[in-house]
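Take a look at the letters that make up each chain.
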Amino acid sequence: MHAFDILGDPVRRRILELLAEGELPAGSIAGTIGTEFGISQPAVSQHLKVLRDNGFATVTVDGTRRLYAVVPEPLREIDTWLDRYRKFWTNRLDALETELHRGRRS
């Protein structure tokens, strides 16, 4: 599966956002995602499996808990791929910053 296929799903993107804050137990992830998206714990588990199987997350077993953490390497690969397109918005953002500074002086 391609990285953008993985990140194209809003549930998986949200899980990665949660994991970006630090390692979380599966139950905590399922609770948050279940509330936000109205999906069951088994459905959340399937999303976690996709993230795990495709290298975006790791799982560590701690007694009866499964702790999930984000793996940054696939995200770096996406960042590298996006580099060729940054030129389309970097200059515009620099120009916007200049205009904002001019507006503050007026």
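Residues numbered from 1 in each chain as written. Predicted model: local features only at pLDDT ≥ 70, side-chain atom pairs only at ≥ 80, totals over all residues. Heavy atoms only, no water.

- Going by an unreviewed UniProt entry, the chain carries the name DNA-binding transcriptional ArsR family regulator and comes from Kribbella aluminosa.

**A short note on the overall build of the chain**
Here is step 1: Secondary structure summary: the chain contains six helices and three strands in total.
Here is step 2: Each helix and strand of the chain, ordered N terminal to C terminal, gives the series α-α-β-α-α-β-β-α-α.
Here is step 3: A compact globule built from 106 residues should have a C-alpha radius of gyration of about 13 Å, whereas the chain, at 18 Å, is more than 25% larger.
Here is step 4: If you line up the chain on its principal axes, its C-alpha atoms span 60 × 30 × 25 Å. (Helix = DSSP H or I, 4+ residues; strand = E, 2+ residues; numbered from the N terminus. Rg over C-alpha atoms; globule rule 2.2 N^0.38 Å.)

**Overview of the packing of aromatic side chains**
Here is step 1: Inspection of every chain in the model, using the stated rule, returns two aromatic pairs.
Here is step 2: Pairing Trp 81 with Tyr 85 gives two aromatic rings, centres 4.9 Å apart and planes at 45 degrees, and the pair type is tilted.
Here is step 3: Overall, Trp 81 belongs to the partly exposed group, its relative accessible area being 37%.
Here is step 4: Chaining the aromatic ring pairs together yields one cluster made of Phe 4, Trp 81 and Tyr 85. (Phe/Tyr/Trp six-rings, centres within 6.5 Å; stacked < 30°, edge-to-face > 60°. Buried < 20%, exposed > 50% of the residue type's maximum accessible area, 1.4 Å probe, protein only.)

**Section: the packing of helix α2 (residues 10–20) against helix α4 (residues 41–53)**
Here is step 1: Close contact between α2 and α4 brings their axes to 10 Å; oriented N to C, the two are set at 75 degrees. Classified by the angle between their axes, α2 and α4 sit roughly perpendicular to one another. Across from Val 11, Arg 12, Ile 15 and Leu 16 in α2, the residues of α4 making contact are His 47, Leu 48, Val 50 and Leu 51.
Here is step 2: Residue composition of the contact of α2 with α4, by class: six nonpolar, one polar and one charged. (Axes fitted to C-alpha atoms, helices over the stretch in contact; angles between N-to-C directions. Parallel < 35°, antiparallel > 145°, perpendicular 65-115°, else oblique. Contact = heavy atoms within 4.5 Å. Nonpolar A, V, L, I, M, F, W, Y, C, P; charged D, E, K, R; others polar.)

**Details of the pattern of salt bridges**
Here is step 1: Per the stated rule, a full pass over the model turns up five salt bridges.
Here is step 2: Glu 17 is paired through a salt bridge with Arg 14; the nearest N and O atoms lie 3.3 Å apart. Linking Glu 17 with Arg 14, this pair stays in helix α2, spanning three residues, or about one helical turn.
Here is step 3: Accessibility expressed as a relative area gives 46% for Glu 17, which makes it partly exposed.
Here is step 4: Residue classification places Arg 14 among the partly exposed positions, given a relative accessible area of 22%.
Here is step 5: Note that Arg 14 and Glu 36 form a salt bridge whose closest N and O atoms lie 2.7 Å from each other. One end of the pair, Arg 14, is in helix α2; the other, Glu 36, is in helix α3 (residues 26–37), with 22 residues separating them in the sequence.
Here is step 6: Among the charged side chains, a network of salt bridges with common partners joins Arg 14, Glu 17 and Glu 36. (Salt bridge = Lys/Arg side-chain N within 4 Å of Asp/Glu carboxyl O.)

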